[in-house]
Amino acid sequence: MGSKWTMSYLREIWHKHKPDFLFLSETKQEYDFVHRFQLHSGFDNLVTVEPNGRSGGLALFYNNEYQVNILYSSNRMIDVEAVALGKKVFLTFVYGDPVQQMREQVWERLTRYGIARSEPWFIIGDLNEITGNHEKDGGALRSADSFVSFNDMIRNSGLLEFPARGNKMSWQGRRGKRKGAFTVRCRLD
């Protein structure tokens, strides 16, 4: 979030779309920096989770138009109950753990939410996971077992994926050494 290009892009999104909610993960910024963006963008409210050193950090901006109750926040998610058009909805803004072995804790919490909720519930964010090798281009294939807990969470919570347009691969990175480096693309959001 500290990059001038990122800030310019965020301002452009805000001016073009005027979203009522904006969630940022991996802000890598302390509250004061994120709060300055809130003041310039016109959002009424801000909830943050501080980064750990120079990694992580979450920010949720939203307007007073919605009655919002923060139910839970951690370095991996901000869970809220909101009233929109007179109806109660749940929104869980997620930054999935970058360490594959730690993601199961996130999936377990989301499963508990999904089982307990009957009102509309939206999960939004960077889950840092894929449902299978079909959502990955490049690099070594993962074992089928590595997708089980994520897919169980999706199934047990009754989640449905919104259709997407455009490039479905939301993340891209380079792997390997300089001369033998290759690109890996995944659908993580």
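Residues numbered from 1 in each chain as written. Predicted model: local features only at pLDDT ≥ 70, side-chain atom pairs only at ≥ 80, totals over all residues. Heavy atoms only, no water.

A. Here's a closer look at the overall build of the chain. Within the chain, the secondary structure is distributed over four helices and ten strands. N-terminal to C-terminal, the α/β element order of the chain is α-β-α-β-β-β-β-β-α-β-β-α-β-β. Taking 189 residues into account, the globule formula puts the C-alpha radius of gyration at 16 Å, and the chain, at 18 Å, falls close to it. Reported as C-alpha extents along the three principal axes, the dimensions of the chain are approximately 50 × 40 × 35 Å. The proportion of buried residues among the 189 residues of the chain is 38%. (Helix = DSSP H or I, 4+ residues; strand = E, 2+ residues; numbered from the N terminus. Rg over C-alpha atoms; globule rule 2.2 N^0.38 Å. Buried < 20%, exposed > 50% of the residue type's maximum accessible area, 1.4 Å probe, protein only.)

B. Structural context of helix α2 (residues 31–41). Turning to α2, its buried residues number three or more, namely V34, F37, Q38 and S41. Down the axis of α2, the buried set is contained in an arc of 105°. They therefore lie on one face. Along α2, the residues that are exposed and aim more than 90 degrees away from the buried face are D32, L39 and H40. In this structure, the buried residues of α2 make contact with α1 (4–17), β1 (21–25), β2 (45–49) and β3 (58–62). Backbone geometry just after α2 places G42 at a positive phi near 90°. (Arc of directions from axis to C-beta. Contact = heavy atoms within 4.5 Å.)

C. Summary view of the pairing of strand β10 (residues 182–186). With two bridges connecting them, strand β8 (residues 136–137) and β10 associate as antiparallel partners. Opposite D137, over in β10, you have R185 as the bridge partner. Direction of pairing for strand β9 (residues 171–175) relative to β10: antiparallel, over a ladder of five bridges. Considered in β10, the bridge of R174 is made with T183. Between the antiparallel neighbours β9 and β10 lie six residues, among them G176 with a positive phi of about 95°. (Pairing = 2+ DSSP bridges.)

D. Seen up close, the sheet that holds β3. Pairing in this open sheet of three strands is antiparallel, and the strands run β1-β3-β2 from one edge to the other. Each edge of the sheet is formed by a strand with only one pairing partner; in this case those strands are β1 and β2. When strand polarity is set aside, the average angle formed by the axes of neighbouring strands in this sheet is 10°. In this structure, β1 lies alongside β3, joined through five bridges in antiparallel fashion. (Axes fitted to C-alpha atoms, helices over the stretch in contact; angles between N-to-C directions.)

E. Broad picture of the layout of surface pockets. The space that makes up the second largest pocket amounts to roughly 410 Å³. Along its surface, the second largest pocket is lined by 19 residues, and R103, W171, R175, C186 and L188 are the ones closest to its centre. Elements with a contribution of two residues or more to the lining of the second largest pocket: β9 and β10. Looking at the lining of the second largest pocket, the element that brings in the most residues is β10, giving three residues. (1 Å grid on protein atoms, 1.4 Å probe; cavity = no way out; pocket = protein on both sides within 12 Å on 5 of 7 lines; lining within 4 Å. Points joined across faces, edges and corners; volume = space filled by probe spheres on them.)

F. Geometry of the side chain of Q38. The residue Q38 is located in helix α2 in this model. Those residues in contact with Q38, other than ones at most four positions away along the chain, are F43, D44, N45, L46 and F61.

G. Geometry of the sheet that holds strand β6 (residues 87–95). Across the sheet, which stays open at both edges, the four strands sit in the order β4-β5-β6-β7 with mixed pairing between neighbours. Where the open sheet ends on each side, the last strands, each with one partner, are β4 (67–73) and β7 (121–126). Adjacent strand axes in the sheet meet at a mean angle of 20°, parallel and antiparallel pairs treated alike. Both β6 and β7 contribute to a ladder of six bridges, which runs parallel. Note on β7: the bridge partner recorded for T92 is I123. Along the sheet, helix α3 (residues 103–116) makes contact with β4, β5 (77–84), β6 and β7, crossing β5 at roughly 20°.

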